[in-house]
Amino acid sequence: MQTIPPFVSRGLRAGVWAWLTGLVPVMALASPLLRCQFEVNAEAQQHAFVPTRDPYPVTSIDLNQRFRFKAVVLGDDQRVELINLYVYYQTHRQPMLMQHVKFVAPVAQQTPAPDALTGQMAVYSPFLGKELQYSCALHEVTP
């Protein structure tokens, strides 16, 4: 059995004793996660994006074969340094960039509103007037 030296204060001694006996739970570290909601042609979708150190392998997602969306979340499991959001209109030949939004050092929140980071965004296609509405929030999630 482990003993605590007598020169340690009573409060500290109780804390050390709880730690030694395993009564103090290990704190789980929270990780940032970008969650976005999309609506195209009255059809809703949700996607989540995790931080990465290398932006080059990040791919875009297809939104109803009309738009493409790419979220590059630069950071690690503790902190996000930069978020770049790209919206493309899907033409017959290739995607056409319509919007690029940058957020520098955004702060993750435990229970953010769905549009806490971006607000409610609306992007319109150059052809046929199709509309993409989206909103994103940076969440602080525990594993």
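Our structure's up above, just so we're on the same page.
For clarity, every value in this text was computed on a predicted model and none was experimentally measured.

**Observations regarding the sheet that holds strand β8 (residues 131–141)**
Where strands meet in a sheet, backbone hydrogen bonds hold them as pairs that are either parallel or antiparallel.
Then, in step 1: Spatial ordering of the open sheet is given by β2-β1-β8-β7, a layout of four strands whose pairing is antiparallel. Every interior strand has two partners, whereas the edge strands, β2 (43–49) and β7 (121–124), have only one. Direction aside, neighbouring strands of the sheet carry axes that sit 25° apart on average.
Then, in step 2: Pairing between β7 and β8: four bridges, direction antiparallel. Bridged to Val123 within β8 is Leu132.

**Quick word on the environment of His92**
Then, in step 1: Its location among the elements puts His92 in the loop between β5 (80–90) and β6 (95–104).
Then, in step 2: When its relative accessible area of 87% is taken as the criterion, His92 is described as exposed.
Then, in step 3: A C-alpha to C-alpha distance of 10.0 Å links His92 and Arg66, two positions 26 residues apart in sequence.

**Focus: the packing of aromatic side chains**
Then, in step 1: Evaluated as defined, the whole model comprises seven aromatic pairs.
Then, in step 2: Ring centres of Tyr86 and Tyr88 lie 6.5 Å apart, and the angle between their planes is 20°; on these two criteria the pair is classed as stacked. When sorted by exposure, Tyr86 lands in the same class as Tyr88, which is buried.
Then, in step 3: Among the aromatic residues, ring-to-ring pairing joins Phe38, Phe49, Phe69 and Tyr134 into one connected group.
Then, in step 4: We note Lys70 situated over the ring of Tyr86; from NZ or CZ to the ring centre the distance is 5.9 Å.

**Structural notes on the pairing of strand β1 (residues 31–40)**
Then, in step 1: The sheet contact formed by β1 and β8 spans ten bridges and is antiparallel. The residue bridging Arg35 from the neighbouring strand is Ala137, located in β8.

**Remarks on the sheet that holds β6**
Then, in step 1: Pairing is antiparallel across the open sheet formed by four strands, whose spatial order is β3-β4-β5-β6. Each edge of the sheet is formed by a strand with only one pairing partner; in this case those strands are β3 (61–63) and β6. Within the sheet, the average angular offset between the axes of one strand and its neighbour, ignoring direction, is 20°.
Then, in step 2: By the bridge criterion, nine bridges tie β5 to β6 in an arrangement that is antiparallel. Bridge pairing in β6 links Val87 to Gln99.

**Some details on the state of the cysteines**
Then, in step 1: Under the defined criterion, the tally for this structure stands at one disulfide.
Then, in step 2: The residue that forms a disulfide with Cys36 is Cys136, at a sulfur-sulfur distance of 2.1 Å. Residues Cys36 and Cys136 share a disulfide whose torsion about the S-S bond is about 110°; that sign makes it right-handed. Placement of the pair is Cys36 in strand β1 and Cys136 in strand β8, with a sequence separation of 100 residues. Take Cys36 and Cys136: they sit in the same class, and that class is buried.

Calculation criteria
- Residues numbered from 1 in each chain as written.
- Predicted model: local features only at pLDDT ≥ 70, side-chain atom pairs only at ≥ 80, totals over all residues.
- Heavy atoms only, no water.
- Pairing = 2+ DSSP bridges.
- Helix = DSSP H or I, 4+ residues; strand = E, 2+ residues; numbered from the N terminus.
- Axes fitted to C-alpha atoms, helices over the stretch in contact; angles between N-to-C directions.
- Buried < 20%, exposed > 50% of the residue type's maximum accessible area, 1.4 Å probe, protein only.
- Phe/Tyr/Trp six-rings, centres within 6.5 Å; stacked < 30°, edge-to-face > 60°.
- Lys NZ or Arg CZ within 6 Å of the ring centre and 35° of its normal.
- Disulfide = S-S within 2.5 Å.

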